[in-house]
Amino acid sequence: MSNESEIVCSFVDSVLSYCNEFQSVHFFIVVDRASTDGTIDILHQLSQTDNRICVIWDESSRCVVDAYLRGYREAIAAKCDWILEIDAGFSHNPEDIPKFLAKMQQGYDCVFGSRFCPGGKISDSSLKRYLISWGGTFATNFLLGTKLSDMTSGFEMFTQKSLQAVLDNGIHSKNHFFQTEIRVFCHHFRIVEVPIHYRFASSRVKNSIILEACKNLWRLTSKRLQGKLWQSQLTLEDSHHNFQETSKY
């Protein structure tokens, strides 16, 4: 989360409103050096009245990926059973969270939000961003043999074991392609997509980010050709869930 002072309270309240059924909830909010509008001060105030909120000041973050990875590691260290990743600012709609929870309760290792599956949509965005996301999905599925309808979204949920396996594989991208890396590494897990509504995407996409994505896609393609793409895999026994107990995230 960066500069979201005007909406941070409503966003936190909205996300937590879908967590009431869980016995234990940890809401990790990573704030990096890009935040200069007092968002972190508001979050600290919220955390004083709600112990579910864990504010993480990630001053050493060099890029957006560092912030995500910090959040993942904090959730794993807290031994969360299920780990949900959601962007702040309402670009991801918290109202979609129950769809993820319902699928996790059916025994999946990973649940991925999709803008392109039936029921999914993108609004308040540019045609350029749409084409980049759709084209990235097509190229990834074609070159790497993946099957998801959306390979570039960042709204997703994991079991602790599946997310740890992804991190063990290693995330190399320093830009938004890391979301694609994650979905590629989950290809052999028990995965499913749910439709999401994505909004407010910026139309600005730097050429350097597109170039970095192409380089990483080629790197993964080369690894696939060498039979070295998936180094960490779950077995059905490893990913077994006990749904008689209340999970947490």
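Caption draft 1: Spatial organisation of the overall build of the chain. Along its length, the chain carries 8 helices and 8 strands. Of all 249 residues assigned to the chain, the portion counted as buried reaches 50%. Within the chain, contacts between residues separated by at least 24 positions form 82% of all contacts whose residues are at least 6 apart in sequence. Counting every atom, the chain has about 12,400 Å² of accessible surface; 50% of that belongs to carbon and sulfur.

Caption draft 2: View of the sheet that holds strand β7 (residues 191-195). Spatially, β3-β6-β4-β7 is the arrangement adopted by the 4 strands of the open sheet, whose pairing is mixed. This sheet does not close on itself; its edge strands, each paired only once, are β3 (82-85) and β7. Sheet twist, expressed as the average angle between the axes of neighbouring strands with direction ignored, equals 20°. Contacting β3, β4 (110-114), β6 (156-159) and β7, helix α4 (residues 97-104) crosses the sheet at an angle of about 30° to β6.

Caption draft 3: Structural detail: the pairing of β3. Going residue by residue along β3, you find W82 and L84 tucked away on one face and I83 and E85 tucked away on the opposite face as well. Summarising the sheet, β3 and β6 pair through 4 bridges and their orientation is antiparallel. When the bridges of β6 are listed, E85 appears paired with E156.

Caption draft 4: Expanded view of the packing of helix α3 (residues 64-77) against helix α6 (residues 160-169). Close contact between α3 and α6 brings their axes to 11 Å; oriented N to C, the two are set at 135°. With respect to their mutual orientation, α3 and α6 come out oblique. Handedness of the α3/α6 crossing: left-handed. On the side of α3, the interface is formed by L69, Y72, R73 and I76, while α6 contributes Q160, L163, Q164 and L167. In terms of residue class, the contact of α3 with α6 is made up of 5 nonpolar, 2 polar and 1 charged.

Caption draft 5: View of the pattern of salt bridges. Using the criterion set out here, one finds 8 salt bridges in the structure. A salt bridge links D50 to R52; the shortest N-O distance between them is 2.8 Å. Owing to a relative accessible area of 18%, D50 belongs among the buried residues under this scheme. A salt bridge links K99 to D96; its shortest N-O distance comes to 3.0 Å.

What counts and what doesn't
- Residues numbered from 1 in each chain as written.
- Predicted model: local features only at pLDDT ≥ 70, side-chain atom pairs only at ≥ 80, totals over all residues.
- Heavy atoms only, no water.
- Helix = DSSP H or I, 4+ residues; strand = E, 2+ residues; numbered from the N terminus.
- Buried < 20%, exposed > 50% of the residue type's maximum accessible area, 1.4 Å probe, protein only.
- Contact = heavy atoms within 4.5 Å.
- Areas by Shrake-Rupley, 256 points an atom, 1.4 Å probe, with all protein chains shown as cover.
- Pairing = 2+ DSSP bridges.
- Axes fitted to C-alpha atoms, helices over the stretch in contact; angles between N-to-C directions.
- Parallel < 35°, antiparallel > 145°, perpendicular 65-115°, else oblique.
- Left-handed = near helix turned anticlockwise from the far one by under 90°.
- Nonpolar A, V, L, I, M, F, W, Y, C, P; charged D, E, K, R; others polar.
- Salt bridge = Lys/Arg side-chain N within 4 Å of Asp/Glu carboxyl O.

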